[in-house]
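Chain and residue survey
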Amino acid sequence: MAEEAILGYLEHNDEIKDSGEFAAERNIDHNEIVNVIKSLYGFRYVDVEDIKRESWVLTDEGNTYAVSGSPEVQLFLAIPEEGIVKDELLKKVGSSLFKIGCAQAAKNKWLDLGKQLITRKLQHVDDKVKNLLLQIQQGQGIGSDDIKALKARKLIVPQTWKGYSVKKGPNYAPKRKQVVTDLTRDNFQSGEWKELEFKEYNYTAKGQPLEGGHLHPLLKARRYFPSQFEEMPTNNFVESSFWNFDALFQPQQHPARDSHDTFFLETPSTTNKLPEDYVQRVKQVHETGGYGSRGYAYDWKREEADKNLLRTHTTAVSSRMLYQLAQKPFTPKKYFSIDRVFRNEAVDRTHLAEFHQIEGLVCDRGLTLCDLIGVLHDFFSRMGMTKLKFKPAYNPYTEPSMEIFSYHEGFKKWVEVGNSGMFRPEMLQPMGLPDDVQVIAWGLSLERPTMILYGIDNIRDLFGHKVDLGLMKKNPICRLGIE
Ligand code: PHE
């Protein structure tokens, strides 16, 4: 409304002489007018000149008299026709009103201050002070002697009033054009962009202050692997049961393959591509064995192997990689991966249905369990875990297998931190790897040791939508070139 009033007025008039009067005439708040003038001035719709005026405003005391009357008149009215004893009058009006009222009334010669009685000299008095205060309140001018008197009584104080005179500026238009800040696909396609007026860029505006980069503890885990380790491609969360289980010599009736532990896919529910000759060798090793094994002696079903699932461990990726490695003349390899896996588990402080695994493996001729133990010591000491213990365990795809325990100084006890083993010949040889090649491998949840190392007691602070960003910010800044 204020903007229309200003621009509209200037269309037919040269100047708004005084924004204060302009606002008062239109019953618009002056502050609103001032804000619009400033904004129009910013876009050069108008030019302005400052106006300053000294004006007077009532003090708190002035305001109370404007309502209840001046103290001298209040006192005068409290005196009855026949007069009143001083003490009684004092009691009636209170000491401060009595004091000021008496002084002023005496000055005006309204009273007789006798020894016994205080009496009025006049029948009626006008409250000039109250009227003057009301006039000032309404913004009317009053005489300079009156101003002086009220100022001396501290009933009014000066105030500088600021306003503007306003003329058309170089960009004047009777209506403000919408300036746009962004070119959108829509106004580009419609051709509207030709008509649009764009807001100018402010190249000197300050940007957001940089906070520096923060590495999530999950990313820092890469440092646990020496540089000779190659990272395996873990970018497929969806995997077939074949690579996740069958290639790992995990029998089809194994409880981990149950839907209680595994998320199976509805669409697409099955895979359509597997290396057929290798599939046949896997089927055979499950059913009747070979390579020195007796197998599991059951009917291996292709439909089971075809079922798609969300991979339950990154060992699915390891099995693909080893199969690929076996397709060429053998060269020793060190591989690692860090990525997400999925298990159909009840979520609590220490378990998530999605979490991350770190996996490492070394393939070479003539490796032994001692090599595995040595590699594990090296790996875990990089994580800050130097006290390790190993316990025999069972995995369908490794023999021997070992659970890894680390001594937790805080809890004063041994905690399980990983699982490991040497891949079985039933897994490696159907792939086509030479029979003197061994693979030592280990796997662990990334979250668990990270929680231990960072003293985090709820896994949801580390991963997922409740992740604690402060945690990353508290970690030191990452600088290139400095480890
Ligand atoms: N895949 C195993 C797990 O899910 C970890 C593991 C990896 C064990 C490699 C042995 C060898 O816990």
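Parameters at a glance
- Residues numbered from 1 in each chain as written.
- Predicted model: local features only at pLDDT ≥ 70, side-chain atom pairs only at ≥ 80, totals over all residues.
- UniProt positions renumbered as here; feature names shortened; annotations may be inferred.
- Helix = DSSP H or I, 4+ residues; strand = E, 2+ residues; numbered from the N terminus.
- Buried ≥ 20, exposed ≤ 12 C-beta atoms within 10 Å, placed from the backbone.
- Contact = placed C-beta atoms within 7 Å.
- Near = placed C-beta within 6 Å.
- Nonpolar A, V, L, I, M, F, W, Y, C, P; charged D, E, K, R; others polar.
- Pairing = 2+ DSSP bridges.
- Axes fitted to C-alpha atoms, helices over the stretch in contact; angles between N-to-C directions.
- Parallel < 35°, antiparallel > 145°, perpendicular 65-115°, else oblique.
- Left-handed = near helix turned anticlockwise from the far one by under 90°.
- pLDDT = per-residue confidence, 0-100.

Per an unreviewed UniProt entry, the protein chain is named phenylalanine--tRNA ligase, and its organism is Lupinus angustifolius. Listed under Subunit (unreviewed entry) in UniProt, the entry text for the protein chain is "Tetramer of two alpha and two beta subunits."

Turning our eyes to something else, we now look at the overall build of the protein chain. The number of helices and strands found in the protein chain is 19 helices and 17 strands. Buried residues in the protein chain amount to 28% of all 483 residues. Restricting to contacts in the protein chain with at least 6 residues of sequence separation, those with at least 24 account for 69%.

Mapped onto the fold, alanine 103 is located in helix α7 (residues 95–107). Assessed through the 13 C-beta atoms surrounding it within 10 Å, alanine 103 is described here as partly exposed. Here the alpha-carbon distance between alanine 103 and proline 71, two residues 32 residues apart in the chain, equals 9.7 Å.

Around the ligand sit His313, Thr315, Glu359, Asn395, Thr398, Asn419, Ser420, Gly421, Ala441, Trp442 and Gly443, and that is every residue in its neighbourhood. Counting residues per element, the ones that place at least two in the shell around the ligand are β16 (413–423) and β17 (437–445). Broken down by class, the residue content of the shell around the ligand amounts to 2 nonpolar, 8 polar and 1 charged.

Time to look at the sheet that holds strand β1 (residues 15–16). What the 3 strands build is an open sheet, ordered β1-β6-β2; its pairing is antiparallel. Where the open sheet ends on each side, the last strands, each with one partner, are β1 and β2 (46–58). Sheet analysis places β1 next to strand β6 (residues 156–168), joined by 2 bridges and oriented antiparallel. Each bridged residue has a counterpart across the sheet, and for isoleucine 16 the counterpart in β6 is valine 166. Packing of helix α3 (residues 30–42) onto the sheet brings it into contact with β2 and β6, and relative to β2 it is tilted by some 155°.

This paragraph deals with the packing of helix α5 (residues 71–78) against helix α6 (residues 86–93). Between α5 and α6, the least distance of the axes is 10 Å, while the angle of their chain directions is 125°. The pairing of α5 with α6 is recorded here as oblique in orientation. Where α5 crosses over α6, the handedness of that crossing is right-handed. Mapping the contact onto sequence places Gln74, Leu75 and Ala78 in α5 and Leu89, Lys92 and Val93 in α6. Classifying every residue of the contact of α5 with α6 gives 4 nonpolar, 1 polar and 1 charged.

Spatially, the 7 strands line up as an open sheet ordered β9-β12-β13-β17-β16-β15-β14, and their pairing is mixed. The strands lining the two open edges of the sheet, one partner per strand, are β9 (230–231) and β14 (388–395). The pairing of strand β13 (residues 354–365) with β17 spans 9 bridges and is antiparallel. Bridge assignment links isoleucine 358 to a residue of β17, and that residue is leucine 444. Sheet strands in contact with helix α15 (residues 315–326) are β12 (333–342), β13 and β17, and its direction is about 30° off that of β13.

Taken residue by residue, the protein chain gives an average pLDDT of 90. The fraction at 70 or more is 96%. Counting interchain partners and residues more than four positions distant, the pLDDT-below-50 stretch residues 478–483 has 2 contacts. Both scores are available for the predicted complex, with the pTM at 0.58 and the ipTM at 0.96.

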